[in-house]
Structure formats: C-alpha cells, structure tokens
Amino acid sequence: MQQSTDPMQQSTTREWDRVWVNARIATMVAGAAPYGNLTGAALAVRGDRIAWIGPAEQALSRARALDVPVEDCRGQWMLPGLIDCHTHLIYGGSRVEEFEKRLCGISYEEIARAGGGIQSTVNATRAASAAGLLASAMGRAQRLMAEGVTTIEVKSGYGLNLAVERILLEVARELGRRLPVSVRTTYLGLHDLPTEFAADRAGFVEQVAGPWLEALADAGLVDAVDAFCENIAFTLAETERFLAAAQTRGLPAHVHAGQLSDMGAAELAARYRALSADHLEFVGASGARALAASGTVAVLLPGAFFMLRQTTPPPVNVLRAAGVSLAVATDCNPGTSPCTSLLLALNMACTLFGLTPEEAIAGVTRNAARAVGLETLVGTLEVGKRADFAFYQIDRPAELCYNLGANPCVGVVFGGVARATA
Ligand code: DI6
Ligand code: FE
C-alpha cells in the first residue's frame, strides 16, 4: 500500500457501504498532526476496507447521493483497532499459587525446583484438552477485544513437543475463526527445555528447528517464529540455529531479547532482520543501533517488568536516540504477566518506562502493526487499509494511557463490520 502523509485523500472509483461522521479521528499516521488527528473528518468503508477519509460535509452529501447508512459518532474518538503484538494467550492452569508463594518469601528458584515456573504451565497445558485451551483463551481474547483490540499475536511455547505445540497453534487459528479479531500465530519453539530433553539440549534444538518447524509450517500454522534467548533459557547459538531454519523457509522472527541480561540477542535479532526484539530491559547502544538499522521493532512489555518487580527499565532514551520504533504489548502469560488489558500496558509504558502517551499509542497501533508484519494492512486509519477501528468516550487520546482500570471503549468495527461485543 502506498504510504501517504495526507490521510485526507479520497478514492474516486469506489463506492461506500457505510460512513461514520462526527468522530474525532486519530489516524495515527506518522508525521502528520499529533496522533494523526483530523478534525471535522468522516470515514467511509467499502467491504472490509477504508474507502474514503475526508471532510464531514462532503461525506454527508455524498452519503445522501449514494444512499448509504450514516453513523453519528457524537464526538467520540475513533482510533485504529489496537494490536497486541506479543501474547502467550493459550495455556492450561494458572500460576496464582506461585504468586502467593513468592509473596510469602519463597524464591523463584525454589519454586522452579519444586516443579513450578514455566514447567508447571507446560504440565498443565499438556494435560488440558484442546476445547479447554480454546475456552480459556477465548475469554482472555474477549477481554482484550473489549478494549478495542482487533489484532492479536499469539505464541505457542507451553507444549514443547510437536503434538501439543500443534494443538496450541491450531487453537490460535481457531480463535481467529471464532472471534471477530485477526490472529497472527508464532511458533515459540525455544521457550524452555522440556524435562524429557534435560540431558539432550542439542537434540531438542534440532527437533524444534528441523522436523517440528517443518511439520507446523507445512500445516500452515506458523506466521512467525520466536525464541527466548536468555541465560536461563537458550543461548545465542541455539537461537541462531532456529532463526536460520526459519529464514530458510521464508518465515519472519521475533526474539525474546534482553529481558534479564544483555547477551547480544538484539544484535542477533537484527542480523536476521527479525520483525521484533521483545522486552529489552537489557540492551546497549550497539543493540539499539542494530535494531534501528534492520528496522526491527522494539516491543516493550511493562506488565512482565511490573510483575517481576524489576528495577531496570528498558533504556528508552537510547532506543529513541538510535531511531528504533517502539511498540507496547501485554505479554499475556500466566507466569510473568497475567495481563489481559492492553490499556493497562499503555499506562505502565508511560508511568514505568517514560513513553509519551503518543509514543505508547503508536506502540499499540502503527508500530505494533510493523512488529507483526502487517503494516500495509492495519495500524493506521488510511484509505486502502482494513477497516479496523475502535471508538472511545474520551476527551483526548492520552486518556487511553491515563486511566487505571477503566475501559472507555464504546464500539469496535472489525473488517468493516460493527462488533456486537463492544
Ligand atoms: N519471558 C517471559 O516473561 C515469559 N516467557 C518469556 O519468554 C515467562 C513465561 C512463564 O513464566 O510462564
Ligand atoms: Fe513473552
């Protein structure tokens, strides 16, 4: 799609199915007014696309001439549908007991030795039925959607064997069929070493990067891959083996990079032109420069930072100075971020990491779209993009970051169709 700095453009060849007037529109198009704001504008859709954005008076007269339905937004704000670009939405069980134990002074390591941590979620996920996994994930997805989320990235990673990873990715696809939301699937092959491979790390990485990736990709279940590159998880070399295998198949990558230490994972992600490098509490100037040069988006995950009570935030100034695009996501997972509110993540990105509200909102729209490789389709309100947008009863866009626990979303349109759930 052609990028335009002037969203007040119009298509002359298409007619409209519906037009929205009296909205205050934050297009989130870069380089225009703050938030890409348009005043006195209207937006028309045809099919699942935005067909026209232009002055409200023109919209009304044309709508009358074409006899298309007109929706009066009564001054509500309209923004692009939000994108949660990093979630582990599908898992069995819960880690609430672990949370209680940690608050009673039992350490994460003690919990892990007693069978807690990621392994406990792997056990609960392997024991769950596909129907149960789908039902719990639908509930979480619906809570995200109620805030105006229209695209969700969903990672596997709690199966750690081919059969269960396949189920997780199938459930992710099913979510996208059952709900009016678009789902991007990520095969998080390297999340943790399963106990059955405890004595054979290399063998596990070979399975993940070889036959398992092949089977899952051939089944059409994989939009991207991901690895947890960290001293408690997988090394640079192991991560690279997986990224190289994905690259051979033409699959893009995300990397969990710099959550607990700077191992050079951001540089590796950049070398493989990853869509995103995620977490980045620990990244240096060289990692930031590499991400900027490769166009890899930095996905900030304040929910995990908050739950783990970490004290070193990502070096946002360094990332900004290097020109890295910033995104924000929930990291919804049972262990470190049991968060189903992207609006709460927006607040935390501002209060804990120092993003401006405009940066944070760009981080769940325009830049989140890049982080999932869908920037030509979603993330801004522009003619030709998919008609995904949300309506909010707020006075200004920054209010989306300001509220703690309120949900001002009053309506959602997904692919040109108003959602009943909003
Ligand atoms: N980083 C995280 O914070 C989560 N996964 C990851 O790679 C933790 C997942 C868990 O504890 O279940
Ligand atoms: Fe994560």
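Just so we're clear, the structure is a prediction, and the values are computed from it rather than from any experiment.

What counts and how
Residues numbered from 1 in each chain as written. Chains lettered and ligands numbered in written order. Predicted model: local features only at pLDDT ≥ 70, side-chain atom pairs only at ≥ 80, totals over all residues. Heavy atoms only, no water. Helix = DSSP H or I, 4+ residues; strand = E, 2+ residues; numbered from the N terminus. Rg over C-alpha atoms; globule rule 2.2 N^0.38 Å. Buried < 20%, exposed > 50% of the residue type's maximum accessible area, 1.4 Å probe, protein only. Axes fitted to C-alpha atoms, helices over the stretch in contact; angles between N-to-C directions. Parallel < 35°, antiparallel > 145°, perpendicular 65-115°, else oblique. Contact = heavy atoms within 4.5 Å. Nonpolar A, V, L, I, M, F, W, Y, C, P; charged D, E, K, R; others polar. Pairing = 2+ DSSP bridges. Donors = N, O, S within 2.8 Å, 3.2 Å for Na, K, Ca; no water. Tetrahedral: all angles 85-135°; square planar, octahedral: opposite > 155°, others 65-115°. Phe/Tyr/Trp six-rings, centres within 6.5 Å; stacked < 30°, edge-to-face > 60°.

J.: Before we move on, can you summarise the overall build of the chain with the specific residues and values?
T.: Across its full length, the chain carries 16 helices and 18 strands. Taken over C-alpha atoms, the radius of gyration comes to 21 Å for the chain, in line with the 22 Å a tight globule of 422 residues would show. Reported as C-alpha extents along the three principal axes, the dimensions of the chain are approximately 70 × 45 × 45 Å. Every one of the 422 residues in the chain was classed for burial, and the buried ones make up 58%.

J.: Let's hear about the packing of helix α7 (residues 201-218) against helix α8 (residues 236-248): which residues, and what values?
T.: Packing of α7 against α8 leaves a shortest axis separation of 10 Å and a crossing angle of 10°. Taken as axis vectors, α7 and α8 run roughly parallel relative to one another. Two secondary-structure elements touch here, α7 through R201, V205, E206, V208, A209 and L213 and α8 through E238, R241, F242, A245 and A246. Grouping the amino acids of the contact of α7 with α8 by side-chain chemistry returns seven nonpolar, no polar and four charged.

J.: How would you summarise the sheet that holds strand β16 (residues 389-392) if you had to cite specific residues and measurements?
T.: Overall, mixed pairing links the six strands, which are arranged β3-β2-β7-β16-β17-β18 in an open sheet. One side of each edge strand has no neighbouring strand; the edge strands of this open sheet are β3 (37-38) and β18 (417-418). The pairing of strand β2 (residues 24-26) with strand β7 (residues 77-80) spans two bridges and is classified as parallel. Looking at β7, one finds that R24 is bridged to W77.

J.: Give me the sheet that holds strand β13 (residues 276-279): which residues, what numbers.
T.: Pairing in this open sheet of eight strands is parallel, and the strands run β8-β9-β10-β11-β12-β13-β14-β15 from one edge to the other. Strands at the two margins of the open sheet, each flanked by one partner only, are β8 (82-84) and β15 (326-328). With strand direction ignored, the average angle separating the axes of adjacent strands in the sheet is 25°. Bridge count for β13 against strand β14 (residues 297-300) is three bridges, and the pairing is parallel. Counted as the bridge partner of S276 is V297 from β14.

J.: Give me the lowdown on the coordination of the iron ion (ligand 2), citing residues and values where you can.
T.: Surrounding the iron ion (ligand 2) are the protein donor atoms H86 (NE2), H88 (NE2), H256 (NE2) and D331 (OD), at 2.1 to 2.3 Å. With four donor atoms in place around the iron ion (ligand 2) and angles of 80 to 167° between them, the coordination shape is irregular. When the donors of the iron ion (ligand 2) are listed by position in the chain, the intervening gaps give H-x1-H-x167-H-x74-D. Placement of H88 in the loop between β8 and α2 (96-103) and of D331 in the loop between β15 and α13 (342-351) is noted, with a sequence separation of 243 residues between them. Taken as a pair, H88 and D331 share a single burial class, namely buried.

J.: Residue-level account of unusual backbone geometry, with values.
T.: Residue M28 is not a glycine yet carries a positive backbone phi of 60°. You can see M28 is positioned in the loop between β2 and β3. For M28, a relative accessible area of 1% gives the class buried. Unlike most non-glycine residues, H279 shows phi in positive territory, near 95°. Looking at the secondary structure, you find H279 in strand β13.

J.: Tell me about the packing of aromatic side chains, and name the residues and values.
T.: Following the criterion strictly, the structure yields 10 aromatic pairs and no others. Relative to W52, the ring of W16 has its centre 5.0 Å away and its plane inclined at 40°; by these criteria the two rings are tilted. With W16 in the segment before β1 (18-21) and W52 in strand β5 (residues 49-55), the pair connects residues that are 36 residues apart, well separated along the chain. Judged on exposure class, the residue W16 and its partner W52 are both buried. Summarising the aromatic geometry, the rings of F305 and F353 are spaced 5.0 Å apart at their centres and angled 75° between planes, so their arrangement reads as edge-to-face. Of the two residues, F305 sits in helix α11 (residues 302-307) while F353 sits in the loop between α13 and α14 (357-362), which places them 48 residues apart along the sequence. On the basis of relative accessible area, F305 is assigned to the buried category, the value being 7%. Residue class for F353 comes out buried when judged on its relative accessible area of 6%.

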